[in-house]
Amino acid sequence: MSKPNVRRSYAIEKHSSSSSSSSKEREKPSKNYNLFYLSKHLKKVYPIELHKTNSLSSLSLSLSQTSDNQNFSSTFQRTEVPKAIKSVFPQVSRALNYHSHEKELMRCSWITSSSDKVYVQFHDECWGVPVYDDHRLFELLSLAGLLMDFNWTEILKRRELIRECFAGFNAKQVAKIGEKEIKELVSSASLMLAENRVRSIVDNAKCIVKIGKEFGSFSCYMWNHMNYKPIINRFRNARNVPLRTPKAEGISKDLVKRGFRLVGPVIVNSFMQAAGMTIDHLLYCFRHKECVNLAERPWRHV
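Counting from 1, residues in each chain are numbered in the order their sequence is written. For a predicted model such as this one, the threshold for reporting local features is a pLDDT of at least 70, and the threshold for listing and counting side-chain atom pairs is 80 or more; totals across whole chains, interfaces and linings nevertheless cover every residue. Water and hydrogen atoms play no part in the side-chain values, which are based on all heavy atoms of the structure.

As annotated in an unreviewed UniProt entry, the protein chain carries the name DNA-3-methyladenine glycosylase 1-like and comes from Nicotiana tabacum.

Structure below.
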């Protein structure tokens, strides 16, 4: 047999053996396939962790605002997980099919067919979800302040870069940013932030550190203004959603007294909407009911 034929036969045998092995692998689905699929898609919509205790009936449910901690316990059986979650959170059946039914979902009227994907994702997954983590609250307050220069879509496209430049919005670390680092951030062509915007974020970080010493955390300070309960609105038209509210004006005044910058009533109101302190999804939007359920959950932690 000639050398080309030998190589060809070897290649065929190799391909057939790899095909047979791959088919065998397909015939043996992973035991944790359903669990992985459930965890992967649930994390995109609901920040939920389930931990199995002694029995299925004694499930402890906790919420986390950081995506790094949103992993399901490996001890769950694949048949137990759907039953457990459905008993705790009925909307999960739609959450699992979120992307396949995306076109059927009713959203707020400012989300249109021409809206950027990153903005739609922000509306569907973040906007209106109550936030109790100091880092995320600081981040959303800073991003809302940038609405003076950009719109949400432009900000969200650079969100990861901004987060990286400001140490994940760890207030203690941002407060230590010096003149040299400020100049570097201002000169960044990809960041595109004016010097006064960068300095405002650094100055606000210093104020948050002081608030943490006084109130225990920035979260406690902010939610204390809300009596630890989000404001739930039920507007049917976008024109009814206010740009500023008496509550936002009160918080804005107190923030200004404490030395914060870029915290006018309109910016504070935008921050409150994004952080779930105010639920302003329109009544027919599929996220309204879901955010209300999150706002009214008895296990929220502040």
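Moving on, there is more to tell.
Peer 1: Is there a simple way to think about the packing of helix H10 (residues 179-186) against helix H11 (residues 195-215) in this case?
Peer 2: Relative placement of two packed helices is described by the angle separating their axes and the distance separating the axes. The axes are straight lines fitted to the C-alpha atoms, using for helices just the contacting stretch, and the angles between their N-to-C directions are given from 0 to 180°. The numbering of helices and of strands both runs from the N terminus, where a helix is a DSSP run of H or I of at least 4 residues and a strand a run of E of at least 2. Look at H10 against H11: their axes get within 9 Å of each other, and the N-to-C directions meet at 135 degrees. Judged by the inter-axis angle, H10 sits oblique to H11. Taken as a pair, H10 and H11 cross one another with a handedness that is right-handed. Listed contacts from H11 to Glu179, Ile182, Lys183, Leu185 and Val186 of H10 are Glu195, Val198, Arg199 and Val202. Taken together, the residues of the contact of H10 with H11 sort by class into five nonpolar, no polar and four charged. The labels follow the angle: roughly parallel below 35 degrees, roughly antiparallel above 145, roughly perpendicular from 65 to 115, and oblique for the rest. It is the rotation of the near helix from the far one that decides the hand of a crossing: anticlockwise by less than a right angle makes it left-handed, clockwise makes it right-handed. Residues are treated as being in contact if the distance between any of their heavy atoms lies within 4.5 Å. Think of it as three bins: nonpolar holds Ala, Val, Leu, Ile, Met, Phe, Trp, Tyr, Cys and Pro, charged holds Asp, Glu, Lys and Arg, and polar takes everything else, Gly as well.

Peer 1: Can you help me understand the environment of serine 142 in this one?
Peer 2: For serine 142, the position within the fold is in helix H6 (residues 134-145). Accessible area is worked out with a 1.4 Å probe on protein chains only. A residue is then buried under 20% of its type maximum, exposed over 50%, and partly exposed in between. Given the relative accessible area of 7%, serine 142 is considered buried. Separated by 20 residues in the primary sequence, serine 142 and isoleucine 162 place their C-alpha atoms 9.8 Å from one another. Ignoring any residue separated from it by four or fewer positions in sequence, one finds serine 142 in contact with Phe169 and Ile201. Among the polar contacts listed, one links the side chain of serine 142 to the backbone oxygen of phenylalanine 138, at a separation of 2.9 Å. Identification of polar contacts relies on pairs of N or O atoms within 3.5 Å, with a donor-acceptor requirement for protein atoms, meaning one able to donate a hydrogen and the other able to accept it, and with residues adjacent in sequence counted only if both atoms are side-chain atoms.

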